[in-house]
Amino acid sequence: VRTNSNVVATKVFVVPANLRKAEAKGTVTAVDEDSLSLLTKKGKTINVNVDANTKITGDHNDPAVMSDITVGSKLKIHGIWDSVLNLFTALKIRIK
């Protein structure tokens, strides 16, 4: 809310310095109920955590579930990278 030259915040989110937005694309090499491993085109393996807040969709934005992801699936993932814990948590997964 702006009043004169002042800005009044209605909400403030504190994000630790070790967290940042991240994106990954690649092929699934391993998958279980709450995580998966993704091999990128650059040959790097990324371990990704998946939780109840992760939105999973198919290639045409149709709803999907974790069991739709199998070894060999091509994915695009948006999430949060924690550089201290070396942890990628998926917010959105799109199966290609």
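For the structure, see preceding data.
Only a predicted model underlies this, so the values are computations on that prediction, with no experimental measurement involved.

1. Concerning the environment of Ile 77
In step 1: Of note, Ile 77 is situated in strand β7 (residues 74–82).
In step 2: In this structure Ile 77 comes out as buried when scored by relative accessible area, which is 0%.
In step 3: Taking the C-alpha atoms as reference points, Ile 77 and Ile 56, 21 residues apart in sequence, are found 9.3 Å from one another.
In step 4: What Ile 77 contacts, discounting residues up to four positions off in sequence, is Ala 22, Glu 23, Ala 24, Leu 36, Leu 38, Val 48, Phe 88, Ala 90, Lys 92 and Ile 93.

2. Some words on unusual backbone geometry
In step 1: Within the chain, Asn 61 stands out as a residue other than glycine whose phi angle is a positive 65 degrees.
In step 2: Among the secondary structure elements, Asn 61 is positioned in the loop between β6 (55–57) and β7.
In step 3: Judged by its relative accessible area of 54%, Asn 61 is exposed.
In step 4: One non-glycine residue, Asn 86, adopts positive backbone phi at about 55 degrees.
In step 5: Looking at the element boundaries, Asn 86 is found in the loop between β7 and β8 (87–95).
In step 6: Classification of Asn 86 as exposed rests on a relative accessible area of 56%.

What counts as what
Residues numbered from 1 in each chain as written. Predicted model: local features only at pLDDT ≥ 70, side-chain atom pairs only at ≥ 80, totals over all residues. Heavy atoms only, no water. Helix = DSSP H or I, 4+ residues; strand = E, 2+ residues; numbered from the N terminus. Buried < 20%, exposed > 50% of the residue type's maximum accessible area, 1.4 Å probe, protein only. Contact = heavy atoms within 4.5 Å.

The values are spatial; any link to function lies outside them.
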